[in-house]
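Summary of structural features
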Amino acid sequence: MTLLAYGLHALFWAPFVVRGRLDRATGTAQTGAAAHRAPGASLVVWLHGLGLAPTYVGMGVGLATGLAYDWPLPLRLVGVLFFLVGTALVVSSLLVFRSWRLRAELAQGHELCTTGPFARVRHPIYTAMVCLTVGTFLLVPNWVTALGVLTNFAAGDYRARQEEGLLLGAFGERYRAYMSHTRRFLPGVY
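Residues numbered from 1 in each chain as written. Predicted model: local features only at pLDDT ≥ 70, side-chain atom pairs only at ≥ 80, totals over all residues. Heavy atoms only, no water.

Brief notes about the pattern of salt bridges
In a structure, side chains of opposite charge can pair up when their charged atoms sit close to one another. The full count for this structure, using the stated rule, is six salt bridges. The shortest N-O distance in the salt bridge between glutamate 164 and arginine 184 comes to 2.7 Å. Of this pair, glutamate 164 sits in helix 5 (residues 143-171) while arginine 184 sits in the segment after helix 6 (173-181), and the two are 20 residues apart along the sequence. Side by side, glutamate 164 and arginine 184 carry an identical accessibility label, which is buried. Arginine 176 is the partner of glutamate 173 in a salt bridge, and the nearest nitrogen-oxygen pair spans 3.6 Å. Placement of both glutamate 173 and arginine 176 in helix 6 is noted, with a separation of three residues, approximately one turn of the helix. A cluster of three or more residues bridged by salt bridges with shared partners is formed by Arg122, Asp157, Arg161, Glu164 and Arg184. (Salt bridge = Lys/Arg side-chain N within 4 Å of Asp/Glu carboxyl O. Helix = DSSP H or I, 4+ residues; strand = E, 2+ residues; numbered from the N terminus. Buried < 20%, exposed > 50% of the residue type's maximum accessible area, 1.4 Å probe, protein only.)

Structure representation (structure tokens):
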């Protein structure tokens, strides 16, 4: 199951690579100076990367040692479903999100995206990353991948809050109204 998890991870991250290459090829890559940047924008990205690290360590441990609980196949199939939902969220987000950047920064003329998955949650890409770590835990269930779910969620939540502060500063009442009818990660829940 660990090798399947690696393949599903490649599927999950592929849309980011494709989008980056397409943006560079068409000259639409967001490479210019930021008009607005959240404090510590690069540090927050690194923290989120550290939040994902236990997931990959746990997968490596599972592959190298076979250390994983023996869960029934239906539960592991739910893990595959989490991967597929997360990947669909990434693809749909990147299709509608015209000004995607890795760091929390806004270019001049940035548009607030409230369509596609953004109509349901404010941070569908971070929701997708949580799906990624939950799916990993269900396919390679060990204490390290479980820790990856928790650290990724905490880092994603912190990153989302930083971005929300930036967007409130840039869009003011329009973003506040958007926040009032969309949840951060899970529609109707959180």
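Side note on the packing of aromatic side chains
The tally for this structure, following the rule as stated, stands at eight aromatic pairs. Ring geometry for phenylalanine 12 and phenylalanine 16: centres 6.3 Å apart, planes at 55°, overall tilted. Note that phenylalanine 12 and phenylalanine 16 are positioned in helix 1 (residues 2-26) at a spacing of four residues, about one turn of the helix. You can call phenylalanine 12 buried: its relative accessible area is 0%. Here the aromatic rings of phenylalanine 185 and tyrosine 190 are separated by 6.0 Å at their centres, their planes lie at 35°, and the arrangement is tilted. Among the aromatic residues, those joined into a ring-pair cluster are Phe12, Trp13 and Phe16. (Phe/Tyr/Trp six-rings, centres within 6.5 Å; stacked < 30°, edge-to-face > 60°.)

By themselves, these are just geometric observations and shouldn't be taken as functional.
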